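One letter stands for each residue in the lines below.
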Amino acid sequence: QAQLVESGGGLVQAGGSLRPSCAASGRILRDNAMGWYRQAPGKQRELVARISVGGTTNYADSVKGRFTISRARDNAKNTVDLQMNSLKPEDTAVYYCNTFPYLSIYWGQGTQVTVSS
């Protein structure tokens, strides 16, 4: 049973926006710092944004000022979202959520984000 399920990717033109969402089961979201990671073709998976249990956020330099990570305002919804604005072709990747630091057992299928120039 998948415990982290990503959705909300898609195809967008450069300069556009997307908002992937990660649905978490059980107490994963409440008890852990969470992160959004991405893996582009031929590259290693990298952390792009993270949020602590208390809501403190950190971003990779490549996305700072363009991406915003947040937890659902409604605790019953149990999601962590990634608002992505001013997208660039180099943001093209499969995006995953996981705890921070990550646990291998939580890797899901991810959601594909493709930015055309």
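Everything discussed here concerns the structure shown above.
Residues numbered from 1 in each chain as written. Predicted model: local features only at pLDDT ≥ 70, side-chain atom pairs only at ≥ 80, totals over all residues. Heavy atoms only, no water.

Chemist: Is there a simple way to think about the overall build of the chain in this case?
Modeler: When helices and strands are tallied, the chain shows one helix and 10 strands. Starting at the N terminus, the α and β elements of the chain follow one another as β-β-β-α-β-β-β-β-β-β-β. Taken over C-alpha atoms, the radius of gyration comes to 13 Å for the chain, in line with the 13 Å a tight globule of 117 residues would show. Residues counted as buried form 40% of the 117 residues belonging to the chain. A separation threshold of at least 6 residues defines the contact pool for the chain, and within that pool the share at least 24 residues apart is 54%. Of the accessible surface of the chain, which amounts to about 6500 Å², a share of 47% is contributed by carbon and sulfur atoms. Between the mean site of the 13 positive side-chain charges and the mean site of the 8 negative ones, the chain shows a separation of 3 Å. (Helix = DSSP H or I, 4+ residues; strand = E, 2+ residues; numbered from the N terminus. Rg over C-alpha atoms; globule rule 2.2 N^0.38 Å. Buried < 20%, exposed > 50% of the residue type's maximum accessible area, 1.4 Å probe, protein only. Contact = heavy atoms within 4.5 Å. Areas by Shrake-Rupley, 256 points an atom, 1.4 Å probe, with all protein chains shown as cover. Lys, Arg positive; Asp, Glu negative; His and termini not counted. Charge placed at Lys NZ, Arg CZ, Asp CG, Glu CD.)

Chemist: How should I be thinking about the nonpolar core in this particular structure?
Modeler: For soluble globular proteins, the rule of thumb is that nonpolar side chains tend to be buried together. Ranked by internal contacts, the top residues of the largest apolar core, which has 26 residues, are Leu4, Trp36, Val80, Leu82, Met84 and Tyr95. Non-local contacts of Leu82, meaning those with residues more than four positions away in its chain, are made with Leu18, Arg19, Pro20, Trp36, Val48, Ala49, Phe67, Thr68, Ile69 and Tyr95. (Core = buried A, V, L, I, M, F, W, Y, C linked by side-chain atoms within 4.5 Å.)

Chemist: What am I meant to see in the pairing of strand E10 (residues 111-116) here?
Modeler: The side chains of a regular strand alternate between both faces of the sheet. The two faces of E10 differ: Thr111, Val113 and Val115 on one face are buried, but Gln112, Thr114 and Ser116 on the other face are not. Note: strand E2 (residues 10-13) against E10, four bridges, orientation parallel. The residue of E10 that forms the bridge with Gly10 is Val113. (Pairing = 2+ DSSP bridges.)

Chemist: What is the right way to read the packing of aromatic side chains from this model?
Modeler: When we look at a pair of aromatic rings, we describe it by the centre distance and by the angle of the planes. Inspection of the entire model under this criterion finds four aromatic pairs. On the numbers, 6.1 Å between centres and 90° between planes, the contact of Tyr37 with Tyr102 is edge-to-face. Here Tyr102 lies in the loop between strand E9 (93-99) and E10 and Tyr37 lies in strand E4 (residues 34-39), a separation of 65 residues in the sequence. A relative accessible area of 48% means that Tyr102 is categorised as partly exposed. Ring centres of Tyr37 and Trp107 lie 5.1 Å apart, and the angle between their planes is 80°; on these two criteria the pair is classed as edge-to-face. In this pair, Tyr37 sits in strand E4 while Trp107 sits in the loop between E9 and E10, placing the two residues 70 residues apart along the sequence. Members of the aromatic cluster, joined through ring pairs, are Tyr37, Tyr96, Tyr102 and Trp107. Lying over the aromatic face of Tyr96, Arg45 brings its terminal NZ or CZ to 4.1 Å of the ring centre. Here the guanidinium or amino end of Arg45 rests over the ring plane of Trp107, the centre of that ring lying 4.0 Å away. (Phe/Tyr/Trp six-rings, centres within 6.5 Å; stacked < 30°, edge-to-face > 60°. Lys NZ or Arg CZ within 6 Å of the ring centre and 35° of its normal.)

Chemist: Before we go on, may I ask you to explain the state of the cysteines in this structure?
Modeler: What we call a disulfide is simply a covalent bond connecting the sulfur atoms of a pair of cysteines. A complete count under the given rule lists one disulfide for this structure. The disulfide that involves Cys22 links it to Cys97, with 1.9 Å between the sulfurs. Across the disulfide from Cys22 to Cys97, rotation about the S-S bond amounts to roughly 50°, and the bridge is consequently right-handed. With Cys22 in strand E3 (residues 21-24) and Cys97 in strand E9, this pair connects stretches of sequence that are 75 residues apart. Taking the relative accessible area as the measure of exposure, Cys22 reaches 0% and is therefore buried. (Disulfide = S-S within 2.5 Å.)

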